[in-house]
Amino acid sequence: MKKILYLLISLFVFSNLWGESSAPELDEGHSENSPLYWGNPSDASNILDSEDELKFELVSQNYLMEKPQFTISYNKESLNPNWVAWHLGIADLGEADRSDSFRPDTELPEGWYAVRKNDYKFTYYGFDRGHICPSADRTATSQDNSMTFLMTNMVPQSPDNNRIVWVALEKYERELVLAGKEAYIFAGPFGRGGTGDKGYFEEIPVKLKDGTELAITVPSHTWKIILFMPEGENDFERIVSEGACEIIAVNVPNEKGCGKNGSWQQYVCSVNYIEEITGYDFFELLPDDVEEEIESRVMGKAGQ
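Residues numbered from 1 in each chain as written. Predicted model: local features only at pLDDT ≥ 70, side-chain atom pairs only at ≥ 80, totals over all residues. Heavy atoms only, no water.

1. Digging into the side chain of Ser296
And step 1. Counting through the fold element by element, Ser296 comes out in the segment after α9 (288-295).
And step 2. Assessed through its relative accessible area of 15%, Ser296 is described here as buried.
And step 3. A distance of 3.0 Å separates a polar side-chain atom of Ser296 from the backbone oxygen of Glu293. (Helix = DSSP H or I, 4+ residues; strand = E, 2+ residues; numbered from the N terminus. Buried < 20%, exposed > 50% of the residue type's maximum accessible area, 1.4 Å probe, protein only. Polar contact = N/O pair within 3.5 Å; in protein donor to acceptor, adjacent residues only side chain to side chain.)

2. Examining the pairing of strand β1 (residues 63-66)
And step 1. Two elements, β1 and strand β2 (residues 71-75), share four bridges in a ladder whose sense is antiparallel. Note on β2: the bridge partner recorded for Leu64 is Ser73.
And step 2. Count of turn residues in the β1/β2 antiparallel hairpin: four residues. (Pairing = 2+ DSSP bridges.)

3. Overview of the pattern of salt bridges
And step 1. Within this structure, the stated rule accounts for 14 salt bridges.
And step 2. Between Asp105 and Lys67 there is a salt bridge, and its shortest N-O distance comes to 3.0 Å. Residue Asp105 is found in the loop between β3 (80-88) and α4 (122-125), and its partner Lys67 is found in the loop between β1 and β2; the two are separated by 38 residues along the sequence.
And step 3. A salt bridge links Asp100 to Arg98; its shortest N-O distance comes to 2.8 Å.
And step 4. The network of salt bridges with common partners includes Lys67, Asp105 and Glu107. (Salt bridge = Lys/Arg side-chain N within 4 Å of Asp/Glu carboxyl O.)

4. What to know about the confidence of the model for the protein chain
Should pLDDT be low for a region, the predicted coordinates there are not to be read in detail.
And step 1. A residue-level look at the protein chain finds 91% of positions with pLDDT of 70 or above and a mean pLDDT of 92.
And step 2. pLDDT under 50 marks residues 1-21. Its contacts with residues more than four places away, or in other chains, come to 30 contacts.
And step 3. Per-residue pLDDT stays below 50 along residues 300-304; that stretch engages in eight contacts with residues further than four places along the chain or on separate chains. (pLDDT = per-residue confidence, 0-100. Contact = heavy atoms within 4.5 Å.)

5. Some thoughts on the packing of aromatic side chains
And step 1. Taken as a whole and assessed by the stated rule, the structure comprises 16 aromatic pairs.
And step 2. An angle of 20 degrees between the planes, with centres 6.3 Å apart, marks the rings of Trp38 and Phe236 as stacked. You can see Trp38 sitting in the loop between α2 (24-27) and α3 (53-60) and its partner Phe236 sitting in helix α7 (residues 235-242), a full 198 residues away along the chain.
And step 3. For Trp38, a relative accessible area of 1% translates into the label buried.
And step 4. Residue Phe236 is classed as partly exposed on the basis of its relative accessible area, which comes to 27%.
And step 5. Ring geometry for Tyr280 versus Phe282: centroids 6.1 Å apart, planes at 85 degrees, classification edge-to-face.
And step 6. Exposure remark for Phe282: the relative accessible area of 0% places this residue in the buried category. (Phe/Tyr/Trp six-rings, centres within 6.5 Å; stacked < 30°, edge-to-face > 60°.)

6. Description of the pairing of β3
And step 1. Counting buried positions over the nine residues of β3 gives nine, a clear majority of the element.
And step 2. In terms of strand pairing, β2 meets β3 through five bridges, oriented antiparallel. Each residue of the ladder has a partner; that of Thr71, found in β3, is Ala85.
And step 3. Between β2 and the antiparallel strand that follows it, β3, lie four residues; Leu79 among them carries a positive phi value of about 60 degrees.

7. Some details on the sheet that holds β3
And step 1. Taken together, seven strands build an open sheet; the order of strands is β1-β2-β3-β6-β11-β12-β13 and the sheet is antiparallel. Strands at the two margins of the open sheet, each flanked by one partner only, are β1 and β13 (268-269).
And step 2. Sheet contacts for α7: β6 (181-190) and β11 (221-230); angle to β11, the most-contacted strand, approximately 85 degrees.
And step 3. With respect to the sheet, helix α8 (residues 271-278) is in contact with β6, β11, β12 (246-253) and β13, its orientation differing from that of β12 by roughly 45 degrees. (Axes fitted to C-alpha atoms, helices over the stretch in contact; angles between N-to-C directions.)

8. A short note on α3
Helical geometry: 3.6 residues make up each α-helical turn, so side chains three or four residues apart lie on a common side.
And step 1. Within α3, the full set of buried residues consists of Glu57, Leu58, Val59 and Ser60.
And step 2. Regarding α3, its N-cap is Asp52, as a side-chain oxygen of that residue lies 3.2 Å from the backbone nitrogen of Leu54 further along.

9. Observations regarding unusual backbone geometry
And step 1. Phi is positive for Asn33, close to 75 degrees, though the residue is something other than glycine.
And step 2. The phi torsion at Phe283 lies on the positive side, around 55 degrees, for a residue other than glycine.

10. Focus: the state of the cysteines
And step 1. The tally for this structure, following the rule as stated, stands at zero disulfides.
And step 2. Residue Cys133 stays outside any disulfide, its sulfur separated by 20 Å from that of Cys269, the closest cysteine.
And step 3. The exposure class of Cys133 is buried, given its relative accessible area of 0%.
And step 4. Here Cys269 is not cross-linked by a disulfide; its sulfur's nearest cysteine counterpart is in Cys258, at 15 Å. (Disulfide = S-S within 2.5 Å.)

11. Section: the packing of α8 against α9
And step 1. Two numbers describe how α8 lies on α9: the axes approach to 7 Å, and their chain directions differ by 95 degrees. Here α8 lies roughly perpendicular to α9, going by the angle between them. Along the contact surface, α8 presents Val271, Asn272 and Glu275, while α9 presents Glu291, Glu292 and Glu295.
And step 2. Residue classes in the contact of α8 with α9 are distributed as one nonpolar, one polar and four charged. (Parallel < 35°, antiparallel > 145°, perpendicular 65-115°, else oblique. Nonpolar A, V, L, I, M, F, W, Y, C, P; charged D, E, K, R; others polar.)

Structural data, given as structure tokens:
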């Protein structure tokens, strides 16, 4: 019965909650330079209704966690973020050292399992604890950097994805910010099943002390969307009136060898494509014509 309910919820989520329907109250009211300034792509919420099982399960698979450093849509079933969003400016980059303080997120609702550092079992499965919001994007203070090591900000990432392709894109985004840009970023996992250093796996099992069996989903891809614009104010007006932005979107296979033919540039796509495969709606608060023009670009060129 539980499996049937889960399938029904998943169908409902992708066909309605993250697709055609919209909840303006979850999109609007976010300040400039905050992660959800352009909207909440999956209408994630943190209001759990324990009296309505369907609504409770829907929210638990799309649970909103807003932190000073980034915002997460967390999935209790996959034990992964659906997406992480953050703003990157020059003020976020400083001299703080990498903390390496991987740890459970204590802000998850009571009774939810919080993934631990050793749950990924690299020796057996061969997947990195892959940051979504990078450690190096939050170096203004030690606290900011430490927050990126919460396990709610991680997915099982193939070392070739994490250490070659993904890290190269992270370095590129910071280079542009240091050169005078600011960036709004969304990133997350997609699909099921990846190939790490120990072979192909669809999940990493986690067995609790009471015998409960859970699993961390291994994604088939990791995707990322970066909207760049010159450092400044009035971001909404600058995009709508001046078109003052560039866009990069990628969808990278979570597999061994993904970097052998080059880096992230071989995996560029449009935001429209990321929306199609995930069901999310990015930049929803922009006028429709502006949104479509931006989301159809590939590497900054419209219509490709």
